[in-house]
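The lines below spell out each chain.
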Amino acid sequence: LCPCSLLPPSAMLPLRRRGEDQLLSGSEDGTGRLWDLERNRSIRCFLVRQERGDTEVEVSSVCSGTGDFEHLVGVAYENKISLFDVRDPALVSRKAAFAFNDVHFDDVNEIIMEGAIDRMAAGDDNGEIAVYDLRKPKLLRKISPAHSNICSSICFRRGTPWQAVSAGLDGKVVHWNFNKIKQLFCYVTTSSSSQNKNQMVNPRFPYCLSCQPSGNVVAAGLGDGNVVVLDIEGKSCLHEFEAASNMISAVAWAEFGDSSRILLSGGSDGVVTVTELSQPSSSRQPLDAFPEEMRESLLASMDTMAGSSSVQRGTRYHSHNCLTLKCTSQVNAIASLPNGSIFVGDQGPAILVFDVRPTTTT
């Protein structure tokens, strides 16, 4: 592995990939930043603290539009959301194109545009979900309450115009039709049949979500260090495995290889785990979800305990922990690129970059 770093001015919190060669980040200094990954430098800064004088506010989430709305960048802080237009020529954007300041009554935890064509969704500490129409822009729907406790994460179901999945600290992962404000599927992560050794210290609340590119499978990171893989179409748990010794704070499907089978997860123990999923009856060989040029590097780096952390719940998948990446502190966010680069934001002042491609010598 070849680690390096990008250096924002303060501790980095959320991360989102934007296009093929850009990355969005947010930090404790009240800014969102757009990074050029080819030049390893910040090319835009989105400032959300100007109304507070010298007081810095923490950016809790960032997101980027797609298609006709790829020029929009969303930045969430406190109970507010600002939309910036990257077509603005200013290197430091101090004025948002649009702002939603009166919709949420408590802090916003996550905003998301990816997976939807013309919409943005947000989940907050009040357990509410707001869905916005980017064409106007305006509030389109509000689910109140969506959860009886904090709404910790939200993602759109890819390929469907009116569906999203949310996670809450009430122990529920819920699949929604937000047009009808109707629950389509609810998975309770805190049921008595799903307890493990860390239950008393770290309750099995879902803290983070990621939707598979197919739109049918969602991964949820839990407070006890496990990841559950849910079939929201079939309304079932496909698999559960242990990925960290403590809370899972970030989860993302890989953008490289067979992205429907490679899952990235990060925990409060400062470890990122790269996990390969396969069906029990499959004749696939280990690591065949990865591009051929990565396999030799992965084989050389694999933990000798790989595969020992599987939890026998669900029937559709087996898991094999292929690789662990050591960070400096709790993992806050993970993103990746098709070329095998993995970007990690933790509590430190740098965005860590890991390359799972083999190194070459001259």
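Scroll up to find the structure.
Residues numbered from 1 in each chain as written. Predicted model: local features only at pLDDT ≥ 70, side-chain atom pairs only at ≥ 80, totals over all residues. Heavy atoms only, no water.

**Structural notes on the sheet that holds strand 13 (residues 129-133)**
Thought 1: The antiparallel open sheet is built from 4 strands, whose spatial order is 11-12-13-14. Here the strands that pair on one side only, and so sit at the sheet edges, are strand 11 (108-112) and strand 14 (138-143). Between one strand and the next, the sheet's axes are offset by a mean angle of 20 degrees, whatever the strand orientation.
Thought 2: As paired elements, strand 13 and strand 14 share 5 bridges and run antiparallel to each other. (Pairing = 2+ DSSP bridges. Helix = DSSP H or I, 4+ residues; strand = E, 2+ residues; numbered from the N terminus. Axes fitted to C-alpha atoms, helices over the stretch in contact; angles between N-to-C directions.)

**Considering the pattern of salt bridges**
Thought 1: Tallying each qualifying case throughout the model produces 16 salt bridges.
Thought 2: The closest approach of N and O atoms between Glu78 and Lys80, which form a salt bridge, is 3.9 Å.
Thought 3: On the basis of relative accessibility, which here comes to 27%, the residue Glu78 falls in the partly exposed class.
Thought 4: With its nearest N and O atoms 3.3 Å apart, the salt bridge here joins Glu128 to Lys142. Of this pair, Glu128 sits in the loop between strand 12 (119-124) and strand 13 while Lys142 sits in strand 14, and the two are 14 residues apart along the sequence.
Thought 5: Accessibility expressed as a relative area gives 25% for Lys142, which makes it partly exposed.
Thought 6: Each of Asp118, Arg119, Asp133 and Arg135 takes part in salt bridges that share partners, so that together they form one network. (Salt bridge = Lys/Arg side-chain N within 4 Å of Asp/Glu carboxyl O. Buried < 20%, exposed > 50% of the residue type's maximum accessible area, 1.4 Å probe, protein only.)

**Comments concerning the side chain of Asn79**
Thought 1: Along the chain, Asn79 falls in the loop between strand 7 (72-77) and strand 8 (80-85).
Thought 2: On the accessibility criterion, Asn79 (18% relative accessible area) is buried.
Thought 3: Here Lys80 takes part through its side chain, which lies 3.1 Å from a polar atom of the side chain of Asn79.
Thought 4: Those residues in contact with Asn79, other than ones at most four positions away along the chain, are Phe100, Asn101, His104, Asp106, Asp107 and Val108. (Polar contact = N/O pair within 3.5 Å; in protein donor to acceptor, adjacent residues only side chain to side chain. Contact = heavy atoms within 4.5 Å.)

**Remarks on the pairing of strand 28 (residues 331-336)**
Looking along a regular strand, one sees side chains alternate from face to face of the sheet.
Thought 1: Of all 6 residues that make up strand 28, 6 are buried, and the element is covered over most of its length.
Thought 2: Inspection of the sheet shows strand 28 paired to strand 29 (residues 341-346) by 5 bridges, in the antiparallel sense. Counterpart to Ala335 in the pairing with strand 29 is Phe343.
Thought 3: What sits between strand 28 and strand 29 in their antiparallel hairpin is a turn of 4 residues, with Gly340 showing a positive phi close to 100 degrees.

**A few points about the sheet that holds strand 8**
Thought 1: Here 4 strands make up an open sheet; going across it, the order is 6-7-8-10 and the pairing antiparallel. One side of each edge strand has no neighbouring strand; the edge strands of this open sheet are strand 6 (59-64) and strand 10 (98-100). Put simply, the sheet's adjacent strands are angled 15 degrees from each other on average, direction ignored.
Thought 2: Here strand 7 pairs with strand 8 via 6 bridges, running antiparallel. Note on strand 8: the bridge partner recorded for Gly74 is Leu83.

**So, the nonpolar core**
Thought 1: Phe256, Phe290, Ile342 and Val344 are the most contacted members of the largest nonpolar core, which totals 24 residues.
Thought 2: When contributions to this core are tallied by element, the ones reaching two or more residues are strand 24 (262-267), strand 25 (271-278), helix 1 (292-301), strand 27 (318-326), strand 28, strand 29 and strand 30 (351-355).
Thought 3: For this core, the leading source of residues is strand 27, giving 3 residues.
Thought 4: When neighbours within four sequence positions are excluded, Phe290 is seen to be in contact with Phe256, Gly257, Ile262, Val274, Glu276, Arg295, Leu298 and Cys322.
Thought 5: Ranked by size, the runner-up nonpolar core spans 16 residues in total, among them Phe69, Ala76, Val108 and Tyr132. (Core = buried A, V, L, I, M, F, W, Y, C linked by side-chain atoms within 4.5 Å.)

**Notes on the environment of Asp107**
Thought 1: As for its placement among the helices and strands, Asp107 is situated in the loop between strand 10 and strand 11.
Thought 2: Residue Asp107 is classed as partly exposed on the basis of its relative accessible area of 36%.
Thought 3: Residues Asp107 and Gly123, spaced 16 residues apart in sequence, show a C-alpha to C-alpha distance of 8.8 Å.
Thought 4: Apart from the residues lying within four places of it in its own chain, the contact partners of Asp107 are Glu78, Asn79, Asp124 and Asp125.

**Overview of the environment of Ala76**
Thought 1: Tracing the backbone shows Ala76 in strand 7.
Thought 2: Relative accessible area serves as the criterion here: at 0%, Ala76 is assigned to the buried category.
Thought 3: Each C-alpha atom of the pair Ala76 and Asn109 lies 7.8 Å from the other, and the pair is 33 residues apart in sequence.

**Quick notes on the packing of aromatic side chains**
Thought 1: One pass over the structure, following the stated rule, counts 5 aromatic pairs.
Thought 2: Plain terms: the ring middles of Phe46 and Phe84 are 5.3 Å apart, the flat faces sit at 40 degrees to each other, and that makes the pair tilted. Residue Phe46 is found in strand 5 (residues 41-47), and its partner Phe84 is found in strand 8; the two are separated by 38 residues along the sequence.
Thought 3: A relative accessible area of 0% places Phe46 in the buried class.
Thought 4: Among the residues examined, Phe84 registers a relative accessible area of 2% and is labelled buried.
Thought 5: Through a chain of ring-to-ring contacts, the aromatic side chains of Phe156, Trp162 and Phe178 assemble into a single cluster.
Thought 6: Its guanidinium or amino end placed over the ring of Trp162, Arg119 lies 4.0 Å from that ring's centre, counting from NZ or CZ. (Phe/Tyr/Trp six-rings, centres within 6.5 Å; stacked < 30°, edge-to-face > 60°. Lys NZ or Arg CZ within 6 Å of the ring centre and 35° of its normal.)

**Here's the deal with unusual backbone geometry**
Thought 1: For the bond from Lys136 to Pro137, the omega torsion is -10 degrees, close enough to zero to count as cis.
Thought 2: Looking at where Pro137 falls in the secondary structure, it is placed in the loop between strand 13 and strand 14.
Thought 3: Backbone torsion omega between Ser144 and Pro145 reads -5 degrees, so that peptide bond is classified as cis.
Thought 4: Relative to the elements of secondary structure, Pro145 occurs in the loop between strand 14 and strand 15 (151-156).
Thought 5: Here the phi dihedral of Asn40 falls at roughly 55 degrees; this positive angle occurs in a residue that is not glycine.
Thought 6: Structurally, Asn40 can be placed in the loop between strand 4 (31-36) and strand 5.

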